[in-house]
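Geometric and topological summary
Okay, here's what each chain looks like letter by letter:
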Amino acid sequence: MSTQPQLESVIDIEEHYQVATYKKFPFVIERGEDVWVFTTDGERYLDLYGGHAVVSTGHSHPRIVQAIADQAARLIFYSNLVYNDARARAAKKLVEIAPEPLTKAFFVNSGTEANENAMKIARMLTGRAKIISFEGGFHGRTPGSVSATGIAKYRENVSPLLEGHVYAHFGNVASVESLLDDQTAAVILEPIQSMGGVRMAEPEFYQALREMCDEAGAMLIYDEVQTGMGRTGEFFFAGQFGVVPDMAALAKGIASGVPMGAVLMTDAIAGEIRTGDLGTPCGGGPLACASLEATIDVIRDENLLENVRENSEYLIAELKKLSMVEEVRGLGYLIGIKFLIGNAKPYQQELLERKIITGLSEDPSVLRLLPPLTLRREEIDLFLDELSRIPLG
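My aim in this report is to walk through the structure given alongside it, one point at a time. Remember, it's a predicted structure, so these values are computed and weren't measured experimentally. Throughout, a residue's number is its position along its own chain's written sequence, starting from 1. Totals for whole chains, interfaces and linings use all residues, but because this is a predicted model, local features are given only for residues with pLDDT of at least 70 and pairs of side-chain atoms are given and counted only at 80 or more. Only hydrogens and water are removed before side-chain values are computed, so all heavy atoms of the structure are retained for them.

Let's shift gears to the overall build of the chain. When helices and strands are counted, the chain shows 14 helices and 16 strands. Reported as C-alpha extents along the three principal axes, the dimensions of the chain are approximately 55 × 50 × 50 Å. The buried label goes to any residue with under 20% of its type's maximum accessible area, the exposed label to any with over 50%, and the partly exposed label to all in between, with areas taken from a 1.4 Å probe on protein chains only. Within the chain, the fraction of its 393 residues that count as buried is 54%. It only takes one pair of heavy atoms within 4.5 Å for two residues to be counted as in contact. Long-range contacts, defined here as pairs at least 24 residues apart, represent 71% of the contacts in the chain between residues at least 6 apart. Approximately 17800 Å² of the chain is accessible, and the part contributed by carbon and sulfur atoms is 51%. His residues and chain termini do not enter the charge count, which takes Lys and Arg as positive and Asp and Glu as negative. A charged residue contributes its charge at one atom only: NZ of Lys, CZ of Arg, CG of Asp or CD of Glu. The chain carries 36 positive and 54 negative side-chain charges, and their two centres are separated by 1 Å. Secondary structure elements are taken from DSSP: a helix is a run of H or I of four residues or more, a strand is a run of E of two residues or more, and numbering for both begins at the N terminus. Working definition of accessibility: Shrake-Rupley area with a 1.4 Å probe, residue cover restricted to the visible protein chains.

Quick look at the structure:
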C-alpha cells in the first residue's frame with residue numbers, strides 16, 4: 001500500500017516532488033496567448049517578464065505551434081550523427097540574420113552550454129587559459145559559466161571554481177587593460193548586464209574591447225543569451241557600434257520557448273575545429289530547429305524589430321516622466337527601472353496584485369522588464385497606468 005500523501009493541487013504536487021530551486025509566484029499558469037498568461041483560477045496576467053526573456057514571439061504563437069506540430073509529426077528527434085532538413089534550414093536562416101563575419105553556427109541546448117563551448121573553443125584554439133569577464137555579469141550555473149559569472153553569490157556554493165577566471169569592472173577600459181595579456185584566451189561579456197541591474201556601457205567601451213582583443217590575440221565573446229533574437233530592436237547586439245565579436249552565445253528566445261542554444265562564430269574559428277572537438281547529442285534537434293526557423297520568420301514577417309524599437313522608445317520616455325522613477329536603463333525590450341526608494345520589490349509585488357508580471361535583479365532598486373517582442377502600445381499604456389497608481393515612495 002502506498003504511503004505517499006494524497007496531493008490535490010498543482011502547487012502541492014510540485015512542492016512535494018520537485019527540487020526547490022526557485023521561489024515561485026503563488027499561482028498556476030495553464031496557458032498563454034501573446035503577451036498574456038492565464039491561471040487555473042481563471043485570472044489573466046500581463047506578462048512583462050516573458051518567462052525570463054524566453055518567450056520572444058509571444059505565448060503559443062500560432063505559427064510556432066504549427067511548425068512544432070508539423071515537425072513532430074515527421075520526426076521528433078535524431079542526433080547530429082545524421083543530416084537533417086530542419087537543422088539545415090535553421091542553421092542557414094540563423095547565419096543569414098547574423099552580422100558578418102559570424103558565418104557558422106554550433107547548436108546546443110541552453111545558454112550556459114553555449115557559453116561553456118565558446119570559452120572552451122577560445123582556450124582550445126589560442127592555447128591560453130585566462131578568461132576575462134565582468135563584475136555584475138551572469139553567464140550560467142554550470143562550472144565554467146559560473147566561474148565566469150561576476151556575481152559572487154552564484155559562485156559561493158561551487159567548489160572548486162575553474163582556474164583562470166578574472167573579473168574586470170564593466171564599462172572600464174583601464175580595468176580590462178590591467179588584466180589583458182598574452183595569456184588571455186578571451187574576454188566574455190553580456191553587452192547589457194541583465195541580472196546585474198540592466199547596465200549598459202558607452203559605445204567606446206565595446207569598440208575598445210574589440211581593439212584590445214585584436215592586439216592581444218584574444219577572442220571577444222558576446223553572451224547574447226538575453227540580448228539576442230530581437231530584444232534590443234535588432235536581431236543581435238553584435239554589429240552595434242561597429243563591433244562584431246569573434247563568437248556570440250545565444251539561447252532563451254531563439255526558439256520561442258523550446259529549449260535551444262547556439263554559438264555563432266567566424267569561418268576562421270570554425271575552420272580550426274576538428275571532428276570530435278565539440279559534441280552535443282540533443283543540440284540542434286529537429287523540434288528546436290523548426291521552432292527557431294519559425295521564430296525568425298515571425299519576427300521578420302510581423303515587423304517585430306520595428307515594433308520593439310518604436311514602442312520601447314515610447315515606453316522608456318513615459319517611464320522617465322514618472323515621479324517614483326530615478327533612472328531607466330537598457331535598450332529595446334530589455335529595460336531596468338530604478339526606483340527612488342531604492343527597493344524595487346514592493347513595486348513588483350504591487351504590480352503582481354494588479355495582474356502584471358515583472359522581474360527583479362541583483363540591484364535591489366531595479367525592476368526588470370523582459371516582455372515578448374509582440375508587446376504593443378495598448379499593453380504598455382496599461383502597465384504605465386497601473387505603475388503610476390502605486391502609492392509608494
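Okay, back to it.
Each Phe, Tyr or Trp ring, with Trp reduced to its six-membered ring, pairs with another whose centre is within 6.5 Å; inter-plane angles below 30 degrees give stacked pairs, above 60 give edge-to-face pairs, and intermediate values give tilted ones. A full pass over the atoms with the stated rule returns 13 aromatic pairs. Plain terms: the ring middles of Phe 235 and Phe 236 are 6.4 Å apart, the flat faces sit at 40 degrees to each other, and that makes the pair tilted. Through a chain of ring-to-ring contacts, the aromatic side chains of Phe 134, Phe 170, Phe 205, Tyr 206, Tyr 222, Phe 237 and Phe 241 assemble into a single cluster. Its guanidinium or amino end placed over the ring of Tyr 314, Arg 377 lies 3.8 Å from that ring's centre, counting from NZ or CZ. Each ring is checked for a lysine NZ or an arginine CZ that lies within 6 Å of its centre and within 35 degrees of its normal; such an atom marks a charge sitting over the ring.

Turning our attention to helix H3 (residues 62-74). For a helix, the expected span equals 1.5 Å multiplied by the number of residues minus one. Over its 13 residues, H3 extends 18 Å from the first C-alpha to the last, a length consistent with the 18 Å expected when each residue adds 1.5 Å. Within H3, the full set of buried residues consists of Ile 64, Ala 67 and Gln 71. Along H3, the residues classed as buried sweep out an arc of 65 degrees about the axis, all on the same side. Structural note: H3 exposes Pro 62 and Ala 73 on the side pointing more than 90 degrees away from its buried face. What the arc covers is the set of directions going from the helix axis to the C-beta atoms.

Side chains Trp 36 and Phe 38 project from strand S2 (residues 36-39) onto one buried face, and the interleaved Val 37 and Thr 39 project onto a second face that is buried too. With four bridges joining them, strand S1 (residues 29-33) and S2 adopt antiparallel strand pairing. Directly across from Ile 29, in S2, lies its bridge partner Thr 39. A loop of two residues connects S1 with S2, the two strands running antiparallel in sequence, and Asp 34 in this loop sits at a positive phi of about 60 degrees. A pair of strands is treated as paired once DSSP finds two or more bridges between them. Bridge count between S2 and strand S3 (residues 44-47): three bridges; the pairing is antiparallel. For Phe 38, the partnering residue across the bridge sits in S3 and is Arg 44. Hairpin remark: S2 followed by S3, antiparallel, with four residues in the connecting loop; positive phi at Gly 42, about 85 degrees.

As a further point, take the sheet that holds S1. Taken in spatial order, the four strands line up as S1-S2-S3-S15 in an open sheet, and their pairing is mixed. Every other strand in the sheet has two partners, leaving S1 and strand S15 (356-357) as the edge strands with one partner each. Relative to S15, S3 runs parallel, the two being bridged by two bridges. Note that in S15 the partner of Leu 46 across the bridge is Ile 356. Most of the contacts of helix H14 (residues 377-388) go to S3, to which it runs at about 100 degrees, and overall it touches S2, S3 and S15. Throughout, an axis means a line fitted to C-alpha atoms (over the contacting stretch in the case of helices), and angles, computed between N-to-C directions, take values from 0 to 180 degrees.

This part takes up a nonpolar patch on the surface. Two distance rules govern patches: like charges are joined within 9 Å, and nonpolar side chains (Val, Leu, Ile, Met, Phe, Trp, Tyr) within 5 Å, applied only to residues with over 30% relative accessible area and no salt bridge. Salt bridge, as used here: a side-chain nitrogen of Lys or Arg that lies within 4 Å of a carboxyl oxygen of Asp or Glu. Residues Leu 75, Tyr 78, Leu 81 and Val 82 make up a contiguous nonpolar surface patch of roughly 380 Å² in combined accessible area. Turning to its location among the elements, Val 82 is positioned in the loop between H3 and helix H4 (85-97). Using a relative accessible area of 34% as the deciding quantity, one classes Val 82 as partly exposed.

Tracing the sequence through the fold places Lys 338 in strand S14 (residues 334-339). It is 47 Å that separates the C-alpha atoms of Lys 338 and Asn 84, two residues lying 254 residues apart in sequence.

Attention now goes to the nonpolar core. To qualify as a nonpolar core, a set must consist of buried Ala, Val, Leu, Ile, Met, Phe, Trp, Tyr and Cys residues joined through side-chain atoms within 4.5 Å. With 95 residues, the main nonpolar core has Leu 94, Leu 319 and Phe 383 as its most contacted residues. When neighbours within four sequence positions are excluded, Leu 319 is seen to be in contact with Val 325, Val 328, Ile 335, Ile 337, Phe 383, Leu 384 and Leu 387. In terms of nonpolar packing, the next biggest core, distinct from the first, is built from 22 residues, Ala 122, Ile 131, Val 263 and Leu 278 among them.

To continue, consider the pairing of strand S13 (residues 325-331). With six bridges joining them, S13 and S14 adopt antiparallel strand pairing. What sits directly across from Leu 331, in S14, is Leu 334. As consecutive antiparallel partners, S13 and S14 are separated by two residues, and within that stretch Gly 332 has a phi angle of approximately 60 degrees, a positive value.

A negative phi angle characterises most non-glycine residues, just as the trans form characterises most peptide bonds. In this structure, Pro 101 follows Glu 100 across a cis peptide bond, with omega equal to 10 degrees. For the bond running from Ser 159 to Pro 160, omega is 0 degrees, close enough to zero to count as cis. Residue placement: Pro 160 occurs in the loop between helix H7 (152-155) and strand S6 (165-168). A positive phi angle, near 50 degrees, is found at Ser 60, a position not held by glycine. Its place among the elements puts Ser 60 in the loop between helix H2 (50-53) and H3. The residue Phe 241 is not glycine, and still its phi comes out positive at about 65 degrees.

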